[in-house]
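Overview (structure and organization)
Okay, here's what each chain looks like letter by letter:
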Amino acid sequence: MFRGNGSPDKRGSRLAALLAAAAVLTLTLAGCGGSAAGGSVSWRLAETHPRDYPTTQADIWFADQLRERTNGRIDIEVFPDAQLGEERDVMEQVKLGSVEMTRTNANLVTEFVSSWEAFGIPYVFDDEQHFWNFLNGPGGKRKLEELNQAGYVGLTYYDSGARNFYTGSGPVEEPSDLHGQNIRVQPGSLTSEMVEAMGGSATTMNFSEVYSGLETGVIDGAENNLPSYVSTGHYEVADDITMDKHQRVPEVLMVGQQVWNQLGQQDKELVREVAEESTEVQRDLWKKEVEKARQTLEQEGVDIHDVDTAKFRAAVSGMIDKYEGRFGDFTSAVDEARNTD
Ligand code: GTR
């Protein structure tokens, strides 16, 4: 029997087998990271907070829903506890496409999209209602679109309440109490300028380093919302918190643009829709977590100082005017959101 390179028939079937193998390979590659329209998607979502924190719970809800609604075709794995890196570094990776998604705080975005500094303007939102009117309205939508300039696609916002100062060396009842205090601020934000305008000094530090910074006295205080103050255990080493509510900075769920562009149109719509639904889940969890955090702090004997915020606002009025002028479109949208119900 002839055993050379095979008969023309055999060569034909080998060619068919090779083509089939190539097709399988293409589909498999598409599954690693992005997808052709309707192909499988396997993404990682980086989250700083622990598993039981409201943002992480909402990330997980989002991922579970997508998995369920696509029979596992869209498979997003959530990595809590900054397992994929510090928030700022993750932003870099999402831009490059080496991590597909993240939930980050708007203050961390400023380094990549400078117009996002606007979210850090102190006292720019009057209260929770005003904040959500803005985020759900045209102003909030425009901010998400601005992320495209830097290689991101913004999907939705999550609540992060109001940020407040906390210290370990006596309470801050008014801005002058910040004199001589070294306060940790998030990388890249307007917060350092705010702290300095109030009379303190500011040190930029990654979130995960704050506990030891407070414990060792490298910093005297920091600032955050109540759930973060509790989940990080910072109250153990800085047990006075001042409810000055200087900023309301949203959390944002985002995808790298290169990865996003590999999704088919229907998948893009589905991912957006589920992300928007996850906001409702997160807001609900958030409200409960704020209550729970207050109770924990009261039980632990932490002093919660409900202060007159007007004094804090007055100390940064120059800064507010400067940035409201610089970000005029943002400011007009914020004003409009004040007048909608
Ligand atoms: C939290 C926010 C985190 C992180 C942190 C910080 O409120 O949810 O993503 O930005 O603040 O202060 O670094």
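Read on for a plain summary of the structure. Here the structure is a predicted model, which means the values were calculated and not measured.

Overall, the coordinates contain two cavities of 30 Å³ or more when judged by the stated rule. Along the wall of the largest cavity there are 19 residues; nearest its centre are Glu87, Asn105, Leu108, Gln186 and Phe207. Those elements that place two or more of their residues in the lining of the largest cavity are helix H3 (87-96) and strand E3 (101-105). Of the residues belonging to the lining of the largest cavity, the class tally is three nonpolar, nine polar and seven charged. Mapping the lining of the largest cavity onto the domain boundaries places at least three of its residues in each of domain 1 (38-159 + 250-288) and domain 2 (162-249 + 291-338). The volume enclosed by the second largest cavity comes to roughly 50 Å³.

Let us look at the pairing of strand E10 (residues 251-256). The side chains of a regular strand alternate between both faces of the sheet. With respect to burial, E10 is a largely interior element, six of its six residues being buried. Burial along E10 is two-sided: Glu251, Leu253 and Val255 facing one way and Val252, Met254 and Gly256 facing the other are all buried. In terms of strand pairing, E3 meets E10 through five bridges, oriented antiparallel. Within the sheet, the bridge partner assigned to Asn105 lies in E10 and is Glu251. Summarising the sheet, strand E4 (residues 152-158) and E10 pair through six bridges and their orientation is antiparallel. Of the residues in E10, the one forming a bridge with Tyr158 is Glu251.

Time to look at the packing of aromatic side chains. As enumerated under the stated definition, the model contains 15 aromatic pairs in all. Centroid distance Phe119 to Tyr157: 6.2 Å. Interplanar angle 70°. Geometry classified as edge-to-face. Here the residue Phe119 occupies a position in the loop between helix H4 (106-109) and helix H5 (128-136), and Tyr157 occupies one in strand E4, the gap between them amounting to 38 residues. Centre to centre, the rings of Tyr166 and Tyr229 are 4.4 Å apart; their planes meet at 35°, and the pair counts as tilted. Of this pair, Tyr166 sits in strand E5 (residues 163-167) while Tyr229 is found in helix H9 (residues 226-231), placing the two residues 63 residues apart along the sequence. A relative accessible area of 1% places Tyr166 in the buried class. Ring-pair connections join several aromatic residues into one group, and the members of that group are Trp116, Phe119, Phe125, Phe131, Trp132, Phe134, Tyr157 and Phe330. Above the face of the Phe119 ring, Lys143 is positioned so that its terminal group lies 5.8 Å from the ring centre. The cationic tip of Arg283 hangs over the ring face of Trp132; the distance from NZ or CZ to the ring centre is 4.1 Å.

Cut-offs and rules
- Residues numbered from 1 in each chain as written.
- Predicted model: local features only at pLDDT ≥ 70, side-chain atom pairs only at ≥ 80, totals over all residues.
- Heavy atoms only, no water.
- 1 Å grid on protein atoms, 1.4 Å probe; cavity = no way out; pocket = protein on both sides within 12 Å on 5 of 7 lines; lining within 4 Å.
- Points joined across faces, edges and corners; volume = space filled by probe spheres on them.
- Helix = DSSP H or I, 4+ residues; strand = E, 2+ residues; numbered from the N terminus.
- Nonpolar A, V, L, I, M, F, W, Y, C, P; charged D, E, K, R; others polar.
- Domains from an automatic or database assignment.
- Buried < 20%, exposed > 50% of the residue type's maximum accessible area, 1.4 Å probe, protein only.
- Pairing = 2+ DSSP bridges.
- Phe/Tyr/Trp six-rings, centres within 6.5 Å; stacked < 30°, edge-to-face > 60°.
- Lys NZ or Arg CZ within 6 Å of the ring centre and 35° of its normal.

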